[in-house]
Amino acid sequence: PCFGLLGTTPLSVRPRVTAPDFPAGRLRGSSTRVCPRWHDMSTAVPPGVHSIWVINKSGGLVYQKSYADVPAIDTNETLRLASIWHSLHAISAQLSPVEGCLGIELLETQNFDLRCVQTVTGTKFFVTASPKTPGLANLLHAVYDLYCDYVMKNPFYELEMPIRCELFEQNVQYAVRATNNAFGY
Amino acid sequence: RVGGRSALMKAYTFRVFNKTGVCLFNHAWPGTAHTSLDDDTRKMLFGSLFSLKQFIGKMTPFLDQSGDGTGAATLGGYYSFRTNNYKTHVHSTPTGLLFLLTTEPGVGNLQDVIRKLQLSFVDVTAKNPAAGGPDELPSEVSCAALTKSVAAAIEAASAETR
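Small disclaimer: the values here were computed from a predicted structure and weren't measured.

A closer look at the sheet that holds strand β2 (residues 61–66) of chain A
Then, in step 1: Pairing within the open sheet is antiparallel, and its ten strands lie in the order β2(A)-β1(A)-β5(A)-β4(A)-β3(A)-β3(B)-β4(B)-β5(B)-β1(B)-β2(B). The open sheet has two edge strands, β2 of chain A together with β2 (23–28) of chain B, and neither has a second partner. Adjacent strand axes in the sheet meet at a mean angle of 10° when their direction is disregarded.
Then, in step 2: Together, β1 (49–55), β2, β3 (104–108), β4 (113–118) and β5 (124–129) of chain A together with β3 (78–83) of chain B form the strand contacts of helix α3 (residues 75–94) of chain A, whose direction differs from that of β1(A) by roughly 75°.
Then, in step 3: The sheet strands contacting helix α3 (residues 111–124) of chain B are β1 (11–17), β2, β3, β4 (87–92) and β5 (98–103) of chain B, and the helix crosses β5(B) at an angle near 130°.

Here's what the structure looks like:
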């Protein structure tokens, strides 16, 4: 159907537009109105890994990238979310009912899982993915290794600043793809 | 905890907060570090849970239909987070009540358990004609009854999962 011509064609020849998941037979000649199940479409969570975030030891965001078809988050918002996560991680250790808590490792919600790893130097790596995605801990350790190799050993990288190292970004992409492929996503 | 892995699932605390952060019910099992909730800890706990709920709403990977930024967390109302030595299960209701259960880190999904605890809480507060209202502190007697039902629910849950 040529949507661009809708304004100029006479009503009788306008193409009939059907909703994407609506069987065409139901619309034509049917007198009952059935609502399309939009809530089904909106709760579709992309499978596999969604995004990877790296936070420096003061709580500032140094790397954030999405690897699935998820709604993009505004840059300022990502900075805010990173510092919120940094404080939540610290508070969870303070509010522990027993001694020796190191902070949140896993957050499981209805629509996504979040796995976090904190290094001994205070840098946090976390990944969001669809619920019950396997292999996230290994992915985070792989990203940490890549961070050590392509960011820390990069003489032009300024510590605690946003990461702009092409090799790091490329290799993280490969690692995410490998995690998704290993489990059939 | 008695014996090894085959023993009771270890729970630390069960707390209920209303939407303004008042702690309506606080039960701590032995072995917990902070059994009573002093004001600063209460505010820190409630504030962090509030921020966590907003965080989940913003990080959720689909477009939030309700538009208030917290729709995702109230869709199912249950989420849990785990650290290396404890796991907290959170259930929130549309009226703003927050049910928190802290257990050992090895447990799985306790959504049913926490729902049962919510129902016993509701029995004692909203359904009790002598109580002030669902948002107020339950009386001493009902606290004792609630404690018993909470302990029983946790025992039942560990009997199921073991």
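Topic: unusual backbone geometry
Residues and elements named next belong to chain A.
Then, in step 1: Despite not being glycine, K132 shows a phi value in the positive range, around 65°.
Then, in step 2: Examined against the element boundaries, K132 turns out to sit in the loop between β5 and α4 (136–152).
Then, in step 3: Overall, the relative accessible area of 63% leaves K132 in the exposed class.
Then, in step 4: One non-glycine residue with positive phi stands out, namely E160, at about 70°.

Examining the interface of chain A and chain B
How big an interface is tends to be reported as the loss of accessible area on association of its parts.
Then, in step 1: Taken together, the 40 residues of chain A in the interface contact 36 residues of chain B.
Then, in step 2: For the chain A and chain B pair, buried surface summed over both sides reaches about 3200 Å², with 67% attributable to carbon and sulfur atoms.
Then, in step 3: If you look at where chain A meets chain B, you find three salt bridges.
Then, in step 4: The salt bridge partner of B:K87 is A:E108, with a shortest N-O separation of 3.5 Å.
Then, in step 5: Remark: the boundary between chain A and chain B carries ten residue pairs in polar contact (both at pLDDT 80 or more).
Then, in step 6: Elements that contribute at least two residues to the side of chain A that touches chain B include exactly β1, α3, β3, β4 and β5 of chain A.

What counts and how
- Residues numbered from 1 in each chain as written.
- Chains lettered and ligands numbered in written order.
- Predicted model: local features only at pLDDT ≥ 70, side-chain atom pairs only at ≥ 80, totals over all residues.
- Heavy atoms only, no water.
- Pairing = 2+ DSSP bridges.
- Helix = DSSP H or I, 4+ residues; strand = E, 2+ residues; numbered from the N terminus.
- Axes fitted to C-alpha atoms, helices over the stretch in contact; angles between N-to-C directions.
- Contact = heavy atoms within 4.5 Å.
- Buried < 20%, exposed > 50% of the residue type's maximum accessible area, 1.4 Å probe, protein only.
- Buried area = accessible area lost by both parts, 1.4 Å probe.
- Salt bridge = Lys/Arg side-chain N within 4 Å of Asp/Glu carboxyl O.
- Polar contact = N/O pair within 3.5 Å; in protein donor to acceptor, adjacent residues only side chain to side chain.

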